[in-house]
Amino acid sequence: MASLAEKREAIAEEPVADPQARPEELRLLEALLFASSEPLDTATLAKRMPEGVDVKAALAQLQADYAPRGVNLVRIANKWTFRTAGDLAWLMTRESTETRRLSRAAIEVLAIVAYHQPVTRAEIEEIRGVVTSKGTLDVLLETGWIRPRGRRKTPGRPLTFGTTEAFLSQFSLEALSDLPGLEELKGTGMLDTRLPTGFTVPTPSDDPTLREDEDPLEPGDLELTLAPAPEPESGGGEGGDAA
(Lines give C-alpha, C1' and ligand atoms only; values in the text may rest on other atoms or scores of the structure.)
Protein backbone atom coordinates (compact mmCIF):
# COMPACT_ATOMS: atom_id res chain seq x y z
CA MET A 1 0.00 0.00 0.00
CA ALA A 2 1.34 3.43 -0.94
CA SER A 3 2.39 5.65 1.94
CA LEU A 4 0.79 9.05 2.56
CA ALA A 5 3.95 10.76 1.30
CA GLU A 6 3.85 8.75 -1.95
CA LYS A 7 0.19 9.68 -2.49
CA ARG A 8 1.01 13.36 -2.00
CA GLU A 9 3.84 13.14 -4.51
CA ALA A 10 1.54 11.46 -7.05
CA ILE A 11 -1.06 14.20 -6.64
CA ALA A 12 1.59 16.89 -6.96
CA GLU A 13 2.81 15.35 -10.22
CA GLU A 14 -0.69 15.39 -11.80
CA PRO A 15 -1.01 18.16 -14.40
CA VAL A 16 -3.06 21.15 -13.32
CA ALA A 17 -5.96 21.88 -15.65
CA ASP A 18 -5.31 24.96 -17.72
CA PRO A 19 -8.38 27.25 -17.52
CA GLN A 20 -7.45 28.63 -20.93
CA ALA A 21 -7.87 25.18 -22.46
CA ARG A 22 -11.63 25.45 -21.89
CA PRO A 23 -13.58 27.21 -24.66
CA GLU A 24 -13.72 30.92 -23.88
CA GLU A 25 -17.44 31.17 -24.67
CA LEU A 26 -18.23 28.65 -21.90
CA ARG A 27 -16.23 30.66 -19.38
CA LEU A 28 -17.99 33.86 -20.44
CA LEU A 29 -21.43 32.26 -20.13
CA GLU A 30 -20.55 30.91 -16.68
CA ALA A 31 -19.47 34.35 -15.53
CA LEU A 32 -22.61 36.06 -16.86
CA LEU A 33 -25.01 33.52 -15.40
CA PHE A 34 -23.31 33.31 -12.00
CA ALA A 35 -23.16 37.10 -11.69
CA SER A 36 -26.80 37.65 -12.64
CA SER A 37 -29.40 37.83 -9.86
CA GLU A 38 -32.11 36.66 -12.26
CA PRO A 39 -32.45 34.20 -15.18
CA LEU A 40 -31.19 35.48 -18.55
CA ASP A 41 -32.62 34.74 -21.98
CA THR A 42 -30.55 33.73 -24.99
CA ALA A 43 -30.84 37.14 -26.66
CA THR A 44 -29.48 38.94 -23.58
CA LEU A 45 -26.56 36.52 -23.34
CA ALA A 46 -25.80 36.82 -27.06
CA LYS A 47 -25.41 40.61 -26.73
CA ARG A 48 -22.56 40.10 -24.25
CA MET A 49 -20.76 37.39 -26.20
CA PRO A 50 -18.13 37.83 -28.94
CA GLU A 51 -19.43 37.98 -32.49
CA GLY A 52 -19.83 34.63 -34.19
CA VAL A 53 -20.41 32.57 -31.03
CA ASP A 54 -23.23 30.00 -31.31
CA VAL A 55 -24.84 30.83 -27.97
CA LYS A 56 -27.45 28.05 -28.15
CA ALA A 57 -24.78 25.41 -28.78
CA ALA A 58 -22.58 26.85 -26.02
CA LEU A 59 -25.49 26.79 -23.55
CA ALA A 60 -26.23 23.18 -24.45
CA GLN A 61 -22.57 22.27 -23.84
CA LEU A 62 -22.50 24.17 -20.55
CA GLN A 63 -25.72 22.45 -19.46
CA ALA A 64 -24.17 19.05 -20.24
CA ASP A 65 -20.98 19.99 -18.33
CA TYR A 66 -22.97 20.87 -15.22
CA ALA A 67 -25.47 17.97 -15.41
CA PRO A 68 -23.53 15.70 -12.99
CA ARG A 69 -22.54 18.52 -10.62
CA GLY A 70 -24.13 19.90 -7.47
CA VAL A 71 -25.28 22.95 -9.43
CA ASN A 72 -27.16 22.51 -12.70
CA LEU A 73 -27.82 24.89 -15.57
CA VAL A 74 -31.59 24.90 -16.17
CA ARG A 75 -33.95 26.69 -18.52
CA ILE A 76 -37.14 28.16 -17.08
CA ALA A 77 -39.57 30.17 -19.18
CA ASN A 78 -36.96 30.32 -21.96
CA LYS A 79 -34.40 31.87 -19.60
CA TRP A 80 -31.24 30.29 -18.21
CA THR A 81 -30.07 30.12 -14.61
CA PHE A 82 -28.02 27.98 -12.24
CA ARG A 83 -29.95 25.99 -9.63
CA THR A 84 -29.03 23.48 -6.94
CA ALA A 85 -29.28 19.94 -8.32
CA GLY A 86 -32.69 18.46 -7.59
CA ASP A 87 -31.35 15.53 -5.59
CA LEU A 88 -29.51 17.95 -3.28
CA ALA A 89 -32.48 20.21 -2.54
CA TRP A 90 -32.65 18.74 0.98
CA LEU A 91 -29.46 20.64 1.82
CA MET A 92 -31.38 23.91 1.56
CA THR A 93 -34.31 22.88 3.77
CA ARG A 94 -32.96 24.51 6.93
CA GLU A 95 -32.54 27.83 5.15
CA SER A 96 -35.85 27.82 3.29
CA THR A 97 -38.72 30.08 4.29
CA GLU A 98 -41.55 28.29 6.02
CA THR A 99 -44.57 28.38 3.75
CA ARG A 100 -48.28 27.87 4.26
CA ARG A 101 -50.28 25.42 2.23
CA LEU A 102 -52.57 26.75 -0.45
CA SER A 103 -56.22 26.03 0.18
CA ARG A 104 -57.92 23.45 -2.01
CA ALA A 105 -59.88 26.26 -3.66
CA ALA A 106 -56.66 28.14 -4.49
CA ILE A 107 -55.08 24.99 -5.95
CA GLU A 108 -58.15 24.39 -8.11
CA VAL A 109 -58.20 27.99 -9.35
CA LEU A 110 -54.47 27.90 -10.08
CA ALA A 111 -54.88 24.68 -12.09
CA ILE A 112 -57.79 26.16 -14.07
CA VAL A 113 -55.83 29.31 -14.88
CA ALA A 114 -52.79 27.25 -15.93
CA TYR A 115 -54.72 24.95 -18.26
CA HIS A 116 -57.42 27.32 -19.55
CA GLN A 117 -55.70 30.72 -19.76
CA PRO A 118 -56.67 33.32 -20.66
CA VAL A 119 -59.66 32.82 -18.36
CA THR A 120 -62.00 35.16 -16.50
CA ARG A 121 -63.33 34.81 -12.95
CA ALA A 122 -66.77 33.88 -14.29
CA GLU A 123 -65.23 31.18 -16.49
CA ILE A 124 -63.30 29.83 -13.50
CA GLU A 125 -66.54 29.63 -11.52
CA GLU A 126 -68.29 27.87 -14.40
CA ILE A 127 -65.56 25.21 -14.56
CA ARG A 128 -65.42 24.71 -10.78
CA GLY A 129 -69.20 24.86 -10.36
CA VAL A 130 -68.93 27.12 -7.31
CA VAL A 131 -68.46 30.82 -6.65
CA THR A 132 -64.81 31.87 -6.34
CA SER A 133 -64.10 34.32 -3.54
CA LYS A 134 -62.00 37.38 -4.28
CA GLY A 135 -59.65 36.28 -1.50
CA THR A 136 -58.70 33.14 -3.42
CA LEU A 137 -57.62 35.15 -6.46
CA ASP A 138 -55.88 37.67 -4.20
CA VAL A 139 -53.73 34.91 -2.65
CA LEU A 140 -52.59 33.74 -6.10
CA LEU A 141 -51.95 37.30 -7.24
CA GLU A 142 -49.87 37.96 -4.12
CA THR A 143 -47.67 34.93 -4.82
CA GLY A 144 -47.04 36.31 -8.30
CA TRP A 145 -48.13 33.02 -9.88
CA ILE A 146 -51.03 34.55 -11.84
CA ARG A 147 -51.50 37.97 -13.39
CA PRO A 148 -54.17 39.99 -15.20
CA ARG A 149 -53.58 39.62 -18.97
CA GLY A 150 -56.25 41.80 -20.54
CA ARG A 151 -59.99 42.35 -20.74
CA ARG A 152 -62.46 40.03 -22.44
CA LYS A 153 -64.41 41.60 -25.31
CA THR A 154 -67.75 40.78 -23.71
CA PRO A 155 -70.31 42.87 -21.78
CA GLY A 156 -68.67 44.14 -18.61
CA ARG A 157 -65.22 43.54 -20.11
CA PRO A 158 -64.00 41.26 -17.28
CA LEU A 159 -60.31 40.80 -16.58
CA THR A 160 -58.61 37.73 -18.04
CA PHE A 161 -55.95 35.89 -16.03
CA GLY A 162 -52.86 33.88 -16.96
CA THR A 163 -49.82 32.38 -15.24
CA THR A 164 -46.42 34.05 -14.86
CA GLU A 165 -42.74 33.16 -15.12
CA ALA A 166 -42.75 32.93 -11.33
CA PHE A 167 -45.28 30.07 -11.63
CA LEU A 168 -42.99 28.20 -14.02
CA SER A 169 -40.00 28.81 -11.77
CA GLN A 170 -41.82 27.68 -8.62
CA PHE A 171 -42.83 24.37 -10.19
CA SER A 172 -39.60 23.92 -12.21
CA LEU A 173 -41.35 24.03 -15.58
CA GLU A 174 -39.59 25.12 -18.74
CA ALA A 175 -42.96 25.92 -20.35
CA LEU A 176 -46.65 25.26 -19.69
CA SER A 177 -46.50 22.46 -22.24
CA ASP A 178 -44.59 20.50 -19.55
CA LEU A 179 -47.76 20.26 -17.44
CA PRO A 180 -49.14 16.70 -17.33
CA GLY A 181 -51.71 15.71 -19.93
CA LEU A 182 -54.80 13.52 -19.58
CA GLU A 183 -53.03 10.16 -19.56
CA GLU A 184 -50.37 11.36 -17.11
CA LEU A 185 -53.04 12.69 -14.74
CA LYS A 186 -54.85 9.36 -14.92
CA GLY A 187 -51.62 7.48 -14.26
CA THR A 188 -50.91 9.48 -11.10
CA GLY A 189 -54.43 8.92 -9.79
CA MET A 190 -55.31 12.61 -9.93
CA LEU A 191 -58.19 11.86 -12.31
CA ASP A 192 -60.77 9.10 -12.14
CA THR A 193 -60.13 6.51 -14.85
CA ARG A 194 -63.90 6.34 -15.45
CA LEU A 195 -64.31 9.75 -17.05
CA PRO A 196 -67.31 10.90 -19.10
CA THR A 197 -67.14 10.22 -22.83
CA GLY A 198 -65.39 13.04 -24.65
CA PHE A 199 -63.67 14.39 -21.51
CA THR A 200 -60.44 16.18 -22.41
CA VAL A 201 -57.69 18.16 -20.72
CA PRO A 202 -56.86 21.41 -22.54
CA THR A 203 -53.40 21.86 -24.01
CA PRO A 204 -52.06 24.83 -22.00
CA SER A 205 -50.41 27.76 -23.73
CA ASP A 206 -48.44 30.59 -22.13
CA ASP A 207 -48.30 32.72 -25.27
CA PRO A 208 -48.34 36.30 -23.88
CA THR A 209 -49.91 37.65 -27.07
CA LEU A 210 -53.49 38.79 -26.49
CA ARG A 211 -56.17 36.69 -28.18
CA GLU A 212 -58.70 38.09 -30.64
CA ASP A 213 -61.30 38.20 -27.86
CA GLU A 214 -59.04 40.19 -25.50
CA ASP A 215 -58.42 43.92 -25.19
CA PRO A 216 -55.24 45.34 -23.60
CA LEU A 217 -55.29 46.28 -19.93
CA GLU A 218 -56.26 49.87 -19.21
CA PRO A 219 -54.46 52.35 -16.92
CA GLY A 220 -55.41 51.55 -13.35
CA ASP A 221 -56.42 47.93 -14.03
CA LEU A 222 -53.53 46.56 -11.95
CA GLU A 223 -54.61 48.80 -9.08
CA LEU A 224 -57.85 46.81 -8.90
CA THR A 225 -55.89 43.72 -7.90
CA LEU A 226 -53.00 42.86 -5.61
CA ALA A 227 -50.84 41.90 -8.56
CA PRO A 228 -47.39 43.51 -8.66
CA ALA A 229 -46.72 45.95 -11.47
CA PRO A 230 -44.97 44.37 -14.47
CA GLU A 231 -41.18 44.72 -14.51
CA PRO A 232 -39.23 46.23 -17.43
CA GLU A 233 -38.79 43.93 -20.41
CA SER A 234 -35.04 43.80 -19.85
CA GLY A 235 -35.43 41.55 -16.82
CA GLY A 236 -37.64 38.97 -15.15
CA GLY A 237 -38.20 37.78 -11.63
CA GLU A 238 -37.85 34.42 -9.99
CA GLY A 239 -40.54 32.43 -8.24
CA GLY A 240 -42.00 33.35 -4.86
CA ASP A 241 -43.15 31.42 -1.82
CA ALA A 242 -46.55 29.83 -1.52
CA ALA A 243 -49.07 31.74 0.48
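Per chain, the residues get numbers from 1 upward, laid out in the order the sequence is written. Per-residue local features of the predicted model are confined to residues with pLDDT of at least 70, and side-chain atom pairs are confined, for both listing and counting, to 80 or more; whole-chain, interface and lining totals are unaffected and use all residues. Side-chain numbers come from the whole structure's heavy atoms, not from hydrogens or water.

Draft legend 1. Inspection of helix 7 (residues 134-143) at higher detail. Looking at helix 7, one finds that the buried residues are T136, L137, D138, L140, L141 and T143. For helix 7, the secondary structure elements touched by its buried residues are helix 5 (104-116), helix 6 (121-128), strand 5 (146-152) and strand 6 (159-163). Under the scheme applied here, a residue whose accessible area is under 20% of the maximum for its type counts as buried, over 50% as exposed, and between as partly exposed, the area being computed with a 1.4 Å probe on protein chains only. By the criteria applied, helices consist of DSSP H or I runs no shorter than four residues and strands consist of E runs no shorter than two, each listed in order from the N terminus. In what follows, a contact means two residues having at least one pair of non-hydrogen atoms within 4.5 Å.

Draft legend 2. Looking closely at the nonpolar core. Here, nonpolar core refers to any group of buried Ala, Val, Leu, Ile, Met, Phe, Trp, Tyr and Cys residues whose side-chain atoms link them within 4.5 Å. With 26 residues, the main nonpolar core has I146 and F167 as its most contacted residues. Listing elements by their share of this core, those giving two or more residues are helix 5, helix 7, strand 6 and helix 8 (165-170). The greatest single-element share of this core, amounting to seven residues, is contributed by helix 5. Residue contacts for F167: discarding those within four places in its chain leaves L110, A114, W145, L173 and L176. Membership of the second largest hydrophobic core comes to 15 residues, among which are L32, L33, M49 and F82.

Draft legend 3. Main features of the pairing of strand 2 (residues 71-76). Should DSSP find at least two bridges between two strands, the strands are regarded as paired. Where strand 2 lies against strand 3 (residues 79-84), six bridges are found, and the strand directions are antiparallel. Looking at the pairing, R75 lines up with W80 of strand 3. Two successive antiparallel strands, strand 2 and strand 3, enclose a turn made up of two residues, where A77 displays a positive phi of approximately 55 degrees.

Draft legend 4. Main features of the packing of helix 5 against helix 7. Lines fitted to C-alpha atoms define the axes, with helix axes restricted to the stretch in contact, and inter-axis angles between N-to-C directions lie between 0 and 180 degrees. Relative orientation of the contacting elements helix 5 and helix 7 amounts to 65 degrees, with a least axis distance of 9 Å. One finds that helix 5 runs roughly perpendicular with respect to helix 7. In the packing of helix 5 onto helix 7, the handedness of the crossing is right-handed. Contacts between helix 5 and helix 7 involve A105, A106, V109 and L110 from the first element and T136, L137 and L140 from the second. Taken together, the residues of the contact of helix 5 with helix 7 sort by class into six nonpolar, one polar and no charged. The cut-offs work like this: below 35 degrees is roughly parallel, past 145 is roughly antiparallel, 65 to 115 is roughly perpendicular, and the gaps in between are oblique. Crossing handedness is read from the near helix: turned anticlockwise from the far helix by less than a right angle, it gives a left-handed crossing, and turned clockwise, a right-handed one. The classification used treats Ala, Val, Leu, Ile, Met, Phe, Trp, Tyr, Cys and Pro as nonpolar, Asp, Glu, Lys and Arg as charged, and all other residues, Gly among them, as polar.

Draft legend 5. Inspection of helix 5 at higher detail. One less than the number of residues in a helix, times 1.5 Å, gives the span that helix is expected to have. Counted at 1.5 Å a residue, the expected span for helix 5 with its 13 residues is 18 Å, and the 18 Å between its end C-alpha atoms agrees. Within the sequence span of helix 5, burial applies to A106, V109, L110, I112, V113, A114 and Y115.

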